[in-house]
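Topology and contacts: notes
Listed here are the chains, written in short residue letters.
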Amino acid sequence: MSSEPTKILLTEDEMPRQWYNIQADLPSPLPPPLGPDGTPIGPDALAKVFPMNLIEQEVSTERWIDIPDEVQSILKLWRPSPLYRAKRLEAALGTPAKIYYKNEGVSPAGSHKPNTAVAQAWYNKQFGIKHLITETGAGQWGSALAMSCKLIGIDCKVFMVRISFDQKPFRKIMMRTWGADCIASPSNQTAIGRKILSEMPDTPGSLAIAISEAIEQAVERDDTRYALGSVLNHVMLHQTIIGLEARKQLEKVHLYPDIVIGCAGGGSNFAGISFPFICDKIHGKEVQIIATEPEACPTLTRGPYIYDSGDVAKMTPLLPMHSLGHGFIPPAIHAGGLRYHGMAPLVSHVKQLGLIDATSIGQTECYEAALLFAHTEGFIPAPETSHAIAQTIREAKKAKEEGKEKVILMNWSGHGLMDLQGYEAFLSGKLSDYPLPEELLQRSLASVKNHPAAPQM
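All figures in this text were calculated on a predicted structure; none of them were measured in a lab.

**Structural notes on the overall build of the protein**
Of regular secondary structure, the protein possesses 18 helices and 15 strands. By the compact-globule yardstick of 23 Å for 457 residues, the protein fits well, its C-alpha radius of gyration being 20 Å. The principal-axis extents of the C-alpha atoms in the protein amount to approximately 60 × 50 × 45 Å. Sorting the 457 residues of the protein into buried and exposed places 64% on the buried side. Contacts in the protein between residues far apart in sequence, at least 24 positions, make up 78% of those at least 6 positions apart. For the protein, the computed accessible surface area is about 16300 Å², with 52% contributed by carbon and sulfur atoms. When the 43 positive and 49 negative side-chain charges of the protein are each reduced to one mean point, those points stand 3 Å apart.

Structure representation (structure tokens):
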């Protein structure tokens, strides 16, 4: 084993005091969101859904945005998070690569999601909002927002994708423990939910459906707003604290990554680890950055770059993003947090600019990678996180084949202690891969054939 430290720690005084906004450094600006008529919309169009202080962050091109003191004080409950050297995984692989992982599973909710949940709850309360409504896939985001709302002092309601509601019972118990109301989606509480249940009573649900339900209820009251755990610019902004810390931590051992890896569903944890390094790449640094997604929901790797809505009822603006079509119903894989039809506009944009690469991996390879990680490093990863681990293992094996001593940085976005049913299914031989059939993809994309084309880079 190497004599280098297993954990690289920062003190609370070394914690970043500002979030990094990649919009300040993009070689070409992010295309604007569009209204239903195809014309760009302004901040006021979002005012019924989000508080204006978060809308200001959504459209900001300032490079640095201060983290409020109260937000900082709550983040300090688990931040700065540790950066680990995966020495035992390296030894098992026989790789000359150095593998580092940023452990975001140390938050109270067990993932990276509280990094933005705390901020969103605080900004909403400052704006006078008393109730937040959201959706959640695997339950990571719903848990994070439930906890954050309780700490900040506002109410929380969560529409949870039905398949995850059934597969992950402890997640909904976590939300209820933190005082949130957790509802299986689609539900009978909204018009869109009732419509979908009448058409597809056995549907496993989707994030796009749950988003529609949450927004439908959020816009009904002036003291209520909607909160989203991924996709939007201000969410990417809040997550950059991950990469900013990781860069400081690697500096302590005089290293810089050759490769940065994150799993990708809506884009938040990937943006969090990668955007500070993409900034370095824009300014001339040599670094490869890889987003890894499920082959069953291959948004970045097979979805076209188009304008599409973030939800099935088309209540959100049209966003420029890689998309499988807003009506896409993903297969019921266990990585529920990666089952979203669209990719964050900022992540899609840097992909279009050639600043990142993207891969898709089947769930059996991911679970095999997760088991190897658990057997060597001890921690049991979330199924979503296993995609980043699988790609990291691929890169470590490639380094071995090439005989190169690469530094690989991975975002370990959350633990899998609430996802053990997925592990049980895998260990019992009940899981198989599901490459998305081209016929199903084309059928889903038919819903966006009349949408405006996104600018091609």
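Following the structure, the description resumes.
**Things to note about the packing of helix 11 (residues 241–252) against helix 12 (residues 268–282)**
Between helix 11 and helix 12, the least distance of the axes is 5 Å, while the angle of their chain directions is 65°. Helix-helix and strand crossings are classified by hand; for helix 11 and helix 12 the assignment is right-handed. Only G272, I273, P276, F277 and D280 of helix 12 make contact with helix 11, whose side of the interface consists of I242, G243, L244, A246 and R247. A per-class count over the contact of helix 11 with helix 12 returns 6 nonpolar, 2 polar and 2 charged.

**Looking at the sheet that holds strand 8 (residues 181–185)**
Ordered in space as 8-7-6-9, the 4 strands form an open sheet in which the pairing is parallel. Each having just a single partner strand, strand 8 and strand 9 (224–226) make up the two edges of the open sheet. Each strand axis lies, on average, 20° off the axis of its neighbour in the sheet, ignoring direction. When strand 6 (residues 131–136) meets strand 7 (residues 155–161), the two strands line up parallel, connected through 6 bridges. By the bridge assignment for strand 7, T134 is matched with V158. Packing against the sheet, helix 7 (residues 169–177) makes contact with strand 6, strand 7 and strand 8, and its axis sits at approximately 170° to strand 7.

Criteria and thresholds
Residues numbered from 1 in each chain as written. Predicted model: local features only at pLDDT ≥ 70, side-chain atom pairs only at ≥ 80, totals over all residues. Heavy atoms only, no water. Helix = DSSP H or I, 4+ residues; strand = E, 2+ residues; numbered from the N terminus. Rg over C-alpha atoms; globule rule 2.2 N^0.38 Å. Buried < 20%, exposed > 50% of the residue type's maximum accessible area, 1.4 Å probe, protein only. Contact = heavy atoms within 4.5 Å. Areas by Shrake-Rupley, 256 points an atom, 1.4 Å probe, with all protein chains shown as cover. Lys, Arg positive; Asp, Glu negative; His and termini not counted. Charge placed at Lys NZ, Arg CZ, Asp CG, Glu CD. Axes fitted to C-alpha atoms, helices over the stretch in contact; angles between N-to-C directions. Left-handed = near helix turned anticlockwise from the far one by under 90°. Nonpolar A, V, L, I, M, F, W, Y, C, P; charged D, E, K, R; others polar. Pairing = 2+ DSSP bridges.

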